[in-house]
Amino acid sequence: MPPTTSILTLFHPVFRRLGVLEVREILDVIMSFLDDDGDLLAASLVCKTWSPVALDHLWNTLDSVIPLFKLLGPMVYYIHSWSYVTDTISEADWARFEFYSRRVRNIHKEGVESSWGDLGEGALDQVIHNRPSAITHILPRVTEIDWTETFEAGWPLQLIHLLSPTLKSFGLNILSDRTTSVTDGRDVLRHLAFLPGLKLKRLQARWIDSVPTLDVAVCDVLDRQRGSLASFSHQSFNLNQQLGTSLSQLPNLVNLELKFTNVNTRGDEDFNEFGALLASKCPGLRTIRFCIPFGPREFTFCAFQPLTRIGGLREIRLGCRELDLKEKDFKEMGESWRSLVALAFPDSGIPLLWFAAIAVHFPPTLEDINVNIRVSEDLDPDCTKLTAFTSLKRVSYIAVASPKALKAVGSLLRQLVSPNTVVECAKWMEQRLKEVTGNSVKWKGKWAK
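Here the structure is a predicted model, which is why all the values come from computation and not from measurement. (Residues numbered from 1 in each chain as written. Predicted model: local features only at pLDDT ≥ 70, side-chain atom pairs only at ≥ 80, totals over all residues. Heavy atoms only, no water.)

S.K.: Would you mind showing me how to read the overall build of the protein here?
M.R.: Within the protein, the regular secondary structure consists of 15 helices and 19 strands. The burial tally for the protein puts 48% of its 449 residues in the buried class. Long-range pairs, those at least 24 residues apart, make up 73% of the contacts in the protein between residues at least 6 apart in sequence. Here the protein has roughly 21600 Å² of accessible surface; of this, 52% comes from carbon and sulfur atoms. (Helix = DSSP H or I, 4+ residues; strand = E, 2+ residues; numbered from the N terminus. Buried < 20%, exposed > 50% of the residue type's maximum accessible area, 1.4 Å probe, protein only. Contact = heavy atoms within 4.5 Å. Areas by Shrake-Rupley, 256 points an atom, 1.4 Å probe, with all protein chains shown as cover.)

This is the structure we're talking about:
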């Protein structure tokens, strides 16, 4: 509950007489503030009205399916997997399982530390073989599954049996390069692609390296879900024609996050063609995040210029090793992206004068600027034409060295930011920058180096 509201107030005779605590919507709000499982369990024992609402919240999100499957009978853990003690599952156990399984909405499995465990092929076969015909899906109302497979954990193909047409968000992360992992991952994606009635809105894919077999399976999902998919993230993206074509057929795509693995010396040309395809086929994009850890040493504005045709962008991140921009490039970006609220440039850093160019040409609606301001030149920026970022909440991050550079940064930021803006910097720089800017800038040291 909010700290200003006493739960005792809800038991006032007026509230009880009006039946406030019997209204499902109000109970939902109350239960949403109970983070502790023990509190939700206690609430489920209050009365018949509270019980189903509290149980919905208690079972809403799981980081392990083992507690759910234990409802079907006693289980033992032996040699990295769970198995059932008995060979049969009673009708009463199935009824209890169904009572709780329909409350599960989200499954988040993150590494071997999550106590997920392996259900074991024998246990899963037993569940599938004994499943009553009335139960068509193990998790009939699940909406989100995020799965991370680690180097140590085996790949559980039984993930296929947890999929349901109600699924809206699916994340698949394969962090080992074993043949079994790749094959099973492909089968899971294919099953997802051809699941009847599925209308997926978010898909996240990540593997240890570019894997053509898995990329083809991802394309199957994209092609089959082209009418509903709004968000796509791929952390091992292979810039090829097939994936580009599949992406271009997603008219409702809003969020796109790609980490590229195979950018060659034609970097500018490849990205120019890819960006032109996105601009023409996915005009509804609002978030674009590109990470290019390998490839050409330096990109020019030509690589990303087609993206300026997407006028409704709210966030853009161009994470490449080096990026060569001119004053006119900032002007074109600023004039095109008038709704932008978040901007990020290469981690390698940008010159201070680039930051000044952002302040001149970009809209005052920016809330988050994630750039490494690299001050190596002894130049004071012209602060007479700068835009005051009245909505700016965060600038990250600042790392400068010379006294003159400190003065230049201080002069620039005093013009740009409001008292509510948090400016993140290296820890060792925090005190020195505070001395330059006084109380007009809110500094926050975050990095040791």
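S.K.: Hey, could you run me through the nonpolar core in this one?
M.R.: Across soluble globular proteins, nonpolar side chains show a tendency to be buried alongside one another. Judged by nonpolar contacts, the single largest core of 125 residues is most densely connected at Phe69, Phe170, Leu203, Leu247, Phe290, Phe304 and Phe345. By residue number, the principal contributor to this core is helix α13 (residues 352–361), which donates 7 residues. Once residues lying within four places of it in the same chain are set aside, the contact partners of Phe170 are Ile145, Asp146, Leu159, Leu163, Val188, Leu189, Leu192, Leu200, Arg202, Leu203 and Gln204. (Core = buried A, V, L, I, M, F, W, Y, C linked by side-chain atoms within 4.5 Å.)

S.K.: What am I meant to see in the packing of helix α9 (residues 212–224) against helix α10 (residues 241–248) here?
M.R.: The description of two packed helices rests on the angle between their axes and on the distance between the axes. Interhelical geometry of α9 versus α10 gives an angle of 15° and a closest axis separation of 9 Å. Taken together, the axes of α9 and α10 are roughly parallel relative to one another. Here α9 and α10 pass one another in a crossing that is left-handed. Across from Asp215, Val216, Val218, Cys219, Leu222 and Asp223 in α9, the residues of α10 making contact are Gln242, Leu243, Ser246 and Leu247. Looking at side-chain class alone, the contact of α9 with α10 contains 6 nonpolar, 2 polar and 2 charged residues. (Axes fitted to C-alpha atoms, helices over the stretch in contact; angles between N-to-C directions. Parallel < 35°, antiparallel > 145°, perpendicular 65-115°, else oblique. Left-handed = near helix turned anticlockwise from the far one by under 90°. Nonpolar A, V, L, I, M, F, W, Y, C, P; charged D, E, K, R; others polar.)

S.K.: Can you walk me through the packing of aromatic side chains in this structure?
M.R.: Per the counting criterion, the structure on display carries 9 aromatic pairs. Ring pairs connect the aromatic residues Phe271, Phe274, Phe290, Phe299 and Phe304, which therefore count as one cluster. The ring of Phe99 carries the charged tip of Arg103 above its face, separated from the ring centre by 4.4 Å. (Phe/Tyr/Trp six-rings, centres within 6.5 Å; stacked < 30°, edge-to-face > 60°. Lys NZ or Arg CZ within 6 Å of the ring centre and 35° of its normal.)

S.K.: Explain the pattern of salt bridges to me, please; I cannot follow it from the model alone.
M.R.: Oppositely charged side chains can form a pair if their charged atoms are brought close together. Counted according to the given criterion, the structure contains 8 salt bridges. A salt bridge links Asp56 to Arg103; the nearest nitrogen and oxygen atoms lie 2.6 Å apart. Pair noted here: Asp56 is in helix α4 (residues 50–58) and Arg103 is in the loop between α6 (91–101) and β4 (106–110), with a separation of 47 residues, a long-range link. Residues Arg289 and Glu257 are paired through a salt bridge, measuring 3.9 Å at the closest nitrogen-oxygen approach. Of the two residues, Arg289 sits in strand β10 (residues 287–292) while Glu257 sits in strand β9 (residues 255–260), which places them 32 residues apart along the sequence. For Glu257, a relative accessible area of 30% puts it in the partly exposed group. Within the structure, one salt-bridge network assembled from shared partners comprises Glu257, Arg289 and Glu315. (Salt bridge = Lys/Arg side-chain N within 4 Å of Asp/Glu carboxyl O.)

S.K.: Is there a simple way to think about the confidence of the model for the protein in this case?
M.R.: One rule of thumb: low pLDDT means the predicted coordinates there are not for detailed reading. Averaged over every residue, the pLDDT of the protein is 78; the share at 70 or more is 79%. Predicted confidence is poor over residues 1–8, with pLDDT under 50, and the contacts of this stretch with residues over four places away or in other chains come to 4 contacts. Across residues 111–116, where pLDDT falls below 50, the model places 15 contacts with residues more than four positions away in sequence or in other chains. (pLDDT = per-residue confidence, 0-100.)

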